[in-house]
Amino acid sequence: VSTQSTWAKLHGDLGYGSLLETMVELKEHENYRKLRPDIVGEDPDDSFSRIPYEKGCLLVYYLESLVGHEKFRKWLQNYLTTFKEKSISHKELIQHFEGHFPDVKVDWDDWLNSPEIPKFDSRDYLKSSIAQKLLEVTQKMADNVEHEKYHFEHTIEAIYVLDKLLAKTPALTVSTLESIDNKYKFSTSVNAEIQVRWLGLQLQSDNYVAVAAQVNRFLSHHGRGIYIKPIWRQLGRLVKENKVDKKEIQELFEKNRLRYHSALRNSLTRDIQL
């Protein structure tokens, strides 16, 4: 992990947003919000989420912020060499870190066992001029004001903007989305990371009928939870709010359910309650 790269900073910012989202999604499952959940006697698949990825990544950023980038990088290289081809637990990580930085105090219990969001907000640590520029472009899109088209140098920039648009409340209007698409052509992208976010924006705006064919195609071509869960959650919401035909969405789920891993099927069945 290196926070010196602009792209790494954008990824880190997006990861923090994903963590906040997942913490809300798991509000009824406090144990699974922990970095080190107690799953004795439980099906491990039930605890699978973005928490270990994003909360774990946040911990890494936090440790780096305490000791500085260069010192952290040297420690990480030593850590990887020391435990190469070995299976270890969090205890070895803590001992190794404290052995290198005896004067650095870390509340390991809070980081590992608390179901709450850590006090460390990586967005402050990961600020960059490009992120600021992208936020300005995002706001212009959301406000539906004319602006010079921003040319994305890297896909992560487009993903960053779309994630920020998804976080807007209230949801963007259909006319605003049409204006955005006229300029940026997100709807024509073949990149799954772009597709899932663009479809998510359409569904947030209750525009299912207009994108039903694209949604159907997307759900039948992708099986990763990170792609299909957001779409199914939006469809579940639309069903609960009586904004789409429940039978149609149930049939769509039955059509695709066997394509998905059993853990994902169980999670979707529990979460969307069709």
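Scroll up to find the structure this text is about.
Rules used in this analysis
- Residue positions within a chain follow its written sequence, with the count starting from 1.
- For this predicted model, a pLDDT threshold of at least 70 governs which residues receive local features, and a threshold of 80 or more governs which side-chain atom pairs are given and counted, while totals over whole chains, interfaces and linings are taken from all residues.
- Each side-chain value is derived from all of the structure's non-hydrogen atoms; neither hydrogens nor water enter the calculation.
- Each helix is a run of DSSP H or I of at least 4 residues and each strand a run of E of at least 2, with the numbering of both proceeding from the N terminus.
- Radius of gyration: over C-alpha atoms. The globule rule applied is 2.2 Å multiplied by the number of residues raised to the 0.38 power.
- Type-normalised accessible area, obtained with a 1.4 Å probe on protein chains alone, sets the label of each residue: buried when under 20%, exposed when over 50%, and partly exposed for intermediate values.
- Throughout, a residue-residue contact means that at least one pair of heavy atoms, one from each residue, lies within 4.5 Å.
- Methods summary: accessible areas were calculated by the Shrake-Rupley approach with a probe of 1.4 Å, and residue burial reflects only the protein chains presented.
- In this charge count, Lys and Arg are treated as positive and Asp and Glu as negative; neither His nor the chain ends contribute.
- We put the charge of a Lys on NZ, of an Arg on CZ, of an Asp on CG and of a Glu on CD.
- Each Phe, Tyr or Trp ring (for Trp, its six-membered ring) is paired with any other whose centre lies within 6.5 Å, and the angle between the two planes then decides the class: stacked below 30 degrees, edge-to-face above 60, tilted in between.
- Both a distance and an angle decide whether a charge sits over a ring: NZ of Lys or CZ of Arg must be within 6 Å of the ring centre and within 35 degrees of the ring normal.
- What a helix is expected to span follows from its residue count: subtract one and scale by 1.5 Å.
- Identification of polar contacts relies on pairs of N or O atoms within 3.5 Å, with a donor-acceptor requirement for protein atoms, meaning one able to donate a hydrogen and the other able to accept it, and with residues adjacent in sequence counted only if both atoms are side-chain atoms.
- Throughout, an axis means a line fitted to C-alpha atoms (over the contacting stretch in the case of helices), and angles, computed between N-to-C directions, take values from 0 to 180 degrees.
- Whether a crossing is left-handed or right-handed is set by the direction in which the near helix is turned from the far one by less than a right angle, anticlockwise for left-handed and clockwise for right-handed.
- Note on residue categories: nonpolar means Ala, Val, Leu, Ile, Met, Phe, Trp, Tyr, Cys or Pro, charged means Asp, Glu, Lys or Arg, and polar means any other residue, Gly included.
- Throughout this description, the term salt bridge denotes a Lys or Arg side-chain nitrogen within 4 Å of a carboxyl oxygen of Asp or Glu.
- The patches reported here contain residues having more than 30% relative accessible area and no salt bridge. Joining distances are 9 Å for like charges and 5 Å for nonpolar side chains (Val, Leu, Ile, Met, Phe, Trp, Tyr).
- By nonpolar core is meant a set of buried Ala, Val, Leu, Ile, Met, Phe, Trp, Tyr and Cys residues that side-chain atoms within 4.5 Å join together.

(A) Spotlight on the overall build of the protein chain. Within the protein chain one finds 14 helices and zero strands. Listing every helix and strand of the protein chain by position from the N terminus yields α-α-α-α-α-α-α-α-α-α-α-α-α-α. Here the C-alpha atoms of the protein chain give a radius of gyration of 21 Å, agreeing with the 19 Å that 2.2 N^0.38 yields for 274 residues. The buried share of the protein chain, taken over its 274 residues, is 42%. The long-range share in the protein chain, meaning contacts at least 24 apart out of those at least 6 apart in sequence, stands at 67%. With the model as given, the accessible surface of the protein chain reaches about 15400 Å², and the carbon-plus-sulfur share is 49%. Of the side chains in the protein chain, 39 bear a positive and 40 a negative charge, and the two mean positions are spaced by 2 Å.

(B) Examining the packing of aromatic side chains more closely. This model, assessed by the stated rule, comprises 17 aromatic pairs. Members of the aromatic cluster, each reached through a chain of ring pairs, are Phe72, Trp75, Tyr79, Phe83, Phe97, Phe101 and Trp108. Directly above the aromatic system of Tyr53 lies the positively charged group of Arg50, at a separation of 5.0 Å from the ring centroid. Against the face of Tyr227 rests Arg224, its NZ or CZ located 5.3 Å from the ring centre.

(C) Structural context of helix H12 (residues 225-240). For H12, spanning 16 residues, the distance from its first C-alpha to its last is 21 Å, which sits close to the expected 22 Å at 1.5 Å a residue. Of all the residues in H12, the buried ones are Tyr227, Ile228, Lys229, Ile231, Trp232, Gln234, Leu235, Gly236, Leu238 and Val239. Those residues of H12 hidden inside the fold are in contact with helix H10 (192-204), helix H11 (208-221), helix H13 (246-256) and helix H14 (262-272).

(D) Representation of the side chain of Gln234 within the structure. Relative to the elements of secondary structure, Gln234 occurs in helix H12. For Gln234, a relative accessible area of 16% corresponds to the buried category. Side chain to side chain, Gln234 and Arg237 meet in a polar contact 3.0 Å long. Excluding anything up to four places from it in sequence, Gln234 contacts Leu203 and Gln204.

(E) Representation of the packing of H11 against H12 within the structure. It is the contact of H11 with H12, at a shortest axis distance of 12 Å, that shows an interaxial angle of 145°. Crossing of H11 against H12: the hand is left-handed. Contacts between H11 and H12 involve Tyr208, Val215, Phe218 and Leu219 from the former and Tyr227, Ile228, Ile231, Trp232, Leu235 and Leu238 from the latter. Looking at the contact of H11 with H12 residue by residue, the classes come out as ten nonpolar, no polar and no charged.

(F) Structural view of the pattern of salt bridges. Inspection of every chain in the model, using the stated rule, returns 13 salt bridges. Note that Lys243 and Glu241 form a salt bridge whose closest N and O atoms lie 3.0 Å from each other. Classification of Lys243 by relative accessible area gives partly exposed; the value is 45%. Residues joined in a network through salt bridges with shared partners are Asp206, Arg237, Glu241 and Lys243.

(G) View of unusual backbone geometry. Cis geometry is found at the peptide bond from Thr169 to Pro170, where omega equals 0°. Checked against the element boundaries, Pro170 lands in the loop between helix H8 (155-166) and helix H9 (174-184). Even without being a glycine, Glu85 presents a positive backbone phi close to 60°. Mapping Glu85 onto the fold places it in the loop between helix H3 (69-82) and helix H4 (90-100). Relative accessible area serves as the criterion here: at 76%, Glu85 is assigned to the exposed category.

(H) Molecular detail of the environment of Arg197. Secondary-structure assignment places Arg197 in helix H10. Separated by 30 residues in the primary sequence, Arg197 and Tyr227 place their C-alpha atoms 8.8 Å from one another. Ignoring anything within four residues of it in the chain, the contact list for Arg197 reads Ile159, Leu162, Asp163 and Leu166.

(I) Up close: a negative patch on the surface. Together, Asp38, Glu42, Asp43 and Asp45 give the surface a local cluster of negative charge. By the secondary structure assignment, Asp38 is in the loop between helix H1 (6-25) and helix H2 (51-67).

(J) Local environment of the nonpolar core. Leu59, Tyr62, Leu63, Phe97, Val106, Trp108 and Trp111 are the most contacted members of the largest nonpolar core, which totals 26 residues. Listed by contribution, the elements that provide at least two residues to this core are H1, H2, H3, H4 and helix H5 (108-113). At seven residues, the largest contribution of residues to this core is made by H2. If we skip the residues at most four places from it in the chain, Val106 touches Tyr62, Leu63, Leu66, Phe97 and Trp111. Formed by 25 residues, the second largest nonpolar core is a distinct cluster that contains Val211, Ala212, Leu238 and Leu264.

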